[in-house]
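Structural overview
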Amino acid sequence: MSQPSKEPTIPSDGEPIRCVEGQLRVPDRPIIPFIEGDGTGPDIWRAAKLVIETAVEKAYGGARSICWAQLYAADKSLELFGEWVPQETIEAIRTFRVAIKGPLTTPVGGGNRSANVTLRQVLDLYACVRPVFWVPGVPCPVKHPERLDVVVFRENTEDVYAGVEFAQGTAEADKLRRFLDLELGAKLPPDSGIGIKPISRTACRRLMRMALRYALEHGRRSLTLMHKGNIMKFTEGAFRDWCYELAAEEFGSVTVTESELYDKCGGRLPPGKLLVKDRIADAMFQQILLRPDEYDIIVTPNLNGDYISDAAAAQVGGLGIAPGGNIGDGLALFEATHGTAPKYAGQDKVNPSSLILSGRMMLEYMGWREAADTILLGLKATVAAGTVTYDLERQMEGATLLKCSEFARAICEKM
Ligand code: NAP
């Protein structure tokens with residue numbers, strides 16, 4: 001085996017994915033960097049790689065295949081190279097444009113910053129995209145999980161992810177508190193920690209543009225802006241206004257707002273049009289439980305997005321299997337949405353579905369739709385047959401317990 005290197009080993013027969021005038025150009029043998037991840041990462045990566053490769057082979061019969069290039073970050077990178085997120089890893093993702101990763105350790109409290117957050121921010125992957133739908137057979141807490149089929153577009157660079165915070169009792173917090181008091185007349189308790197919540201017009205507009213394009217390309221019927229603008233008028237309220245503004249300016253001929261729907265269209269959405277509406281964040285949590293089929297694409301600032309994507313995934317029993325992608329302009333990093341589950345590391349035990357379905361998202365993003373569909377078919381058939389990993393098996397009556405690698409092989413057989 002070759003020595004691990006910070007520089008990815010580039011397969012000689014592969015070609016990079018390019019981006020021309022905002023459109024991806026994917027060759028038949030694209031080079032795709034991967035980070036297998038920490039803890040259970042290597043187990044689920046092996047499983048996901050097998051499923052992705054098999055789906056591509058079944059869909060294109062050898063005419064297309066992926067040339068993988070390994071990258072490192074977090075625990076493994078620290079151990080091998082003494083670096084948390086090597087510059088080579090960042091540059092390789094930038095160069096090759098589409099990458100996939102397993103979960104990475106995030107130290108709690110001090111120490112290294114989250115490698116996940118670093119990658120998202122340095123590469124300006126400004127949308128965290130999380131499709132949430134039910135895989136029939138997966139145990140879940142609601143009566144009609146099949147009614148929820150949403151894609152959450154969560155802003156990935158601002159709001160609480162801006163990370164502008166000052167701890168209580170520090171000179172910085174005191175200085176800021178005095179400034180707010182003396183210069184702006186805003187009084188805060190003297191023992192306050194202070195966080196800043198920036199939300200910019202530019203970030204809102206580009207997120208909305210990406211979500212609208214996705215909604216239209218995928219034939220979705222509605223897009224909902226989820227915000228707390230009734231209270232935070234100049235951040236969350238402005239988010240809503242800027243998103244509506246962008247929709248009207250750039251997509252006016254193909255979108256309809258809720259007031260237009262009732263005032264001009266008699267309450268019926270004209271064919272081929274997309275409904276753009278907004279909901280207050282707290283109401284949104286009720287709405288997805290009580291009227292899930294009225295929601296389709298959800299666009300939201302960072303913190304709301306964190307909550308709603310996990311709540312929606314839990315609703316369909318899929319918190320451990322939900323996929324995700326961090327997407328920028330012509331650049332994307334797909335990832336398992338759960339953590340490293342370190343207590344199961346190396347046991348070939350955990351469920352690889354989150355990374356497998358993230359691989360499906362990746363193929364869809366590359367325009368390899370047939371392979372993406374093949375993965376979903378195989379996964380659904382495997383779960384429907386009751387052949388599942390421990391996390392599902394313990395909740396499903398009469399199910400057969402499979403190891404992580406066996407589950408991956410079962411998916412390949414059922415494709
Ligand atoms: P976690 O790794 O997600 O594990 C929590 C529990 O979730 C596990 O004990 C297990 O439940 C279940 N679980 C997670 N992945 C599973 C899988 N693939 N299949 C089946 N069950 C699964 O959360 P954590 O223990 O809080 O975090 C561990 C480390 O991961 C931390 O360093 C954290 O910061 C990091 N993390 C990374 C990411 C990322 O890279 N995107 C995301 C979240 C957390 P049972 O015990 O019930 O079996």
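Below is a short write-up of the structure. (Residues numbered from 1 in each chain as written. Predicted model: local features only at pLDDT ≥ 70, side-chain atom pairs only at ≥ 80, totals over all residues. Heavy atoms only, no water.)

In this section: helix α7 (residues 233-251). The periodicity of an α-helix, 3.6 residues per turn, causes residues three or four positions apart to be oriented the same way. Of all bends in α7, the biggest is about 25 degrees, found at Phe-239. Looking at the buried side of α7, the elements it contacts are α6 (201-217), β10 (222-227), β11 (255-257), β13 (297-300) and α10 (302-315). (Bend = angle between axes of the 7 residues up to and from the residue. Helix = DSSP H or I, 4+ residues; strand = E, 2+ residues; numbered from the N terminus. Contact = heavy atoms within 4.5 Å.)

Once that is clear, we can look at the nonpolar core. If you look at the biggest cluster of nonpolar residues, it comprises 78 residues, and the most contacted ones within it are Phe-153, Leu-223 and Leu-363. The dominant element in this core, judged by the number of residues it contributes, is helix α1 (residues 41-60), at nine residues. Those residues within four positions of Leu-363 in sequence are excluded, and the remaining contacts are Ile-52, Val-56, Ile-66, Trp-368, Arg-369, Ala-371, Ala-372 and Ile-375. Within the second largest apolar cluster, 21 residues are counted, among which are Ile-31, Val-85, Ala-99 and Leu-104. (Core = buried A, V, L, I, M, F, W, Y, C linked by side-chain atoms within 4.5 Å. Buried < 20%, exposed > 50% of the residue type's maximum accessible area, 1.4 Å probe, protein only.)

A few words on the pattern of salt bridges. As enumerated under the stated definition, the model contains 29 salt bridges in all. Of the charged contacts, one joins Lys-49 and Glu-53 as a salt bridge, the two residues approaching to 3.5 Å between their closest N and O atoms. Residue Lys-49 and its partner Glu-53 are located together in helix α1, separated by four residues, close to a single helical turn. For Arg-94, the salt bridge identified is with Glu-91, shortest N-O distance 3.4 Å. Residue Arg-94 and its partner Glu-91 are located together in helix α3 (residues 87-96), separated by three residues, close to a single helical turn. Relative accessible area serves as the criterion here: at 34%, Arg-94 is assigned to the partly exposed category. Put simply, Arg-201, Arg-205, Arg-209, Glu-245, Glu-249 and Glu-250 are held in one network by salt bridges that share partners. (Salt bridge = Lys/Arg side-chain N within 4 Å of Asp/Glu carboxyl O.)

Structurally, Thr-255 is set in strand β11. Within the local environment of Thr-255, its side chain forms a polar contact with the backbone oxygen of Phe-251, the two atoms lying 2.8 Å apart. When sequence neighbours within four positions are dropped, the list of residues in contact with Thr-255 reads Leu-212, Ala-247, Glu-260, Lys-273, Leu-274 and Val-276. (Polar contact = N/O pair within 3.5 Å; in protein donor to acceptor, adjacent residues only side chain to side chain.)

Strand order in the open sheet formed by eleven strands is β4-β3-β5-β15-β14-β6-β7-β13-β10-β12-β11, and the pairing between neighbours is mixed. Because the sheet does not close on itself, it has two edges, and the strands there are β4 (67-70) and β11. In this sheet, neighbouring strand axes are inclined to one another by 25 degrees on average, regardless of whether the strands run parallel or antiparallel. Against the sheet, α7 makes contact with β10, β11, β12 (274-280) and β13, and its axis sits at roughly 155 degrees relative to β10, the strand it touches most. Those strands touched by α10 are β6 (127-133), β7 (149-155), β10 and β13, and its axis lies near 155 degrees from that of β7. (Pairing = 2+ DSSP bridges. Axes fitted to C-alpha atoms, helices over the stretch in contact; angles between N-to-C directions.)

Close contacts around the ligand come from 21 residues, with Gly-339, Ala-341, Lys-343, Tyr-344 and Tyr-390 the closest. Between the ligand and the protein, one listed contact pairs an oxygen atom with a side-chain N or O atom of Lys-343 at 2.8 Å. Arg-394 is positioned such that a nitrogen or oxygen atom in its side chain is 2.9 Å from an oxygen atom of the ligand. Alone, the ligand offers 880 Å² of accessible surface; in the complex the protein occludes 66% of this. When residues of the shell around the ligand are traced back to their parent elements, those giving at least two are β15 (332-336) and α13 (390-393). Here the shell around the ligand is built from residues that sort into eight nonpolar, eight polar and five charged. (Near = heavy atom within 4 Å. Areas by Shrake-Rupley, 256 points an atom, 1.4 Å probe, with all protein chains shown as cover. Nonpolar A, V, L, I, M, F, W, Y, C, P; charged D, E, K, R; others polar.)

Next up on the list: the packing of aromatic side chains. If you walk through the whole model with that rule in mind, you get eight aromatic pairs. For the pair Trp-45 and Trp-68, a centre-to-centre distance of 5.1 Å together with 85 degrees between the ring planes defines the contact as edge-to-face. Of the two residues, Trp-45 is situated in helix α1 and Trp-68 in strand β4; the sequence distance between them amounts to 23 residues. The exposure class of Trp-45 is buried, given its relative accessible area of 3%. Take Trp-68: its relative accessible area is 12%, and that puts it in the buried class. Measuring from ring centre to ring centre gives 5.7 Å for Tyr-60 and Trp-368, while their planes differ by 70 degrees; the resulting arrangement is edge-to-face. Here Tyr-60 is found in helix α1, whereas its partner Trp-368 is found in the loop between α11 (353-365) and α12 (369-384), with 308 residues between them in sequence. Every member of this aromatic cluster is reached through a ring pair, and the members are Phe-34, Trp-45 and Trp-68. When the ring centre of Tyr-161 is taken as reference, the NZ or CZ atom of Arg-154 above it lies at 4.9 Å. (Phe/Tyr/Trp six-rings, centres within 6.5 Å; stacked < 30°, edge-to-face > 60°. Lys NZ or Arg CZ within 6 Å of the ring centre and 35° of its normal.)

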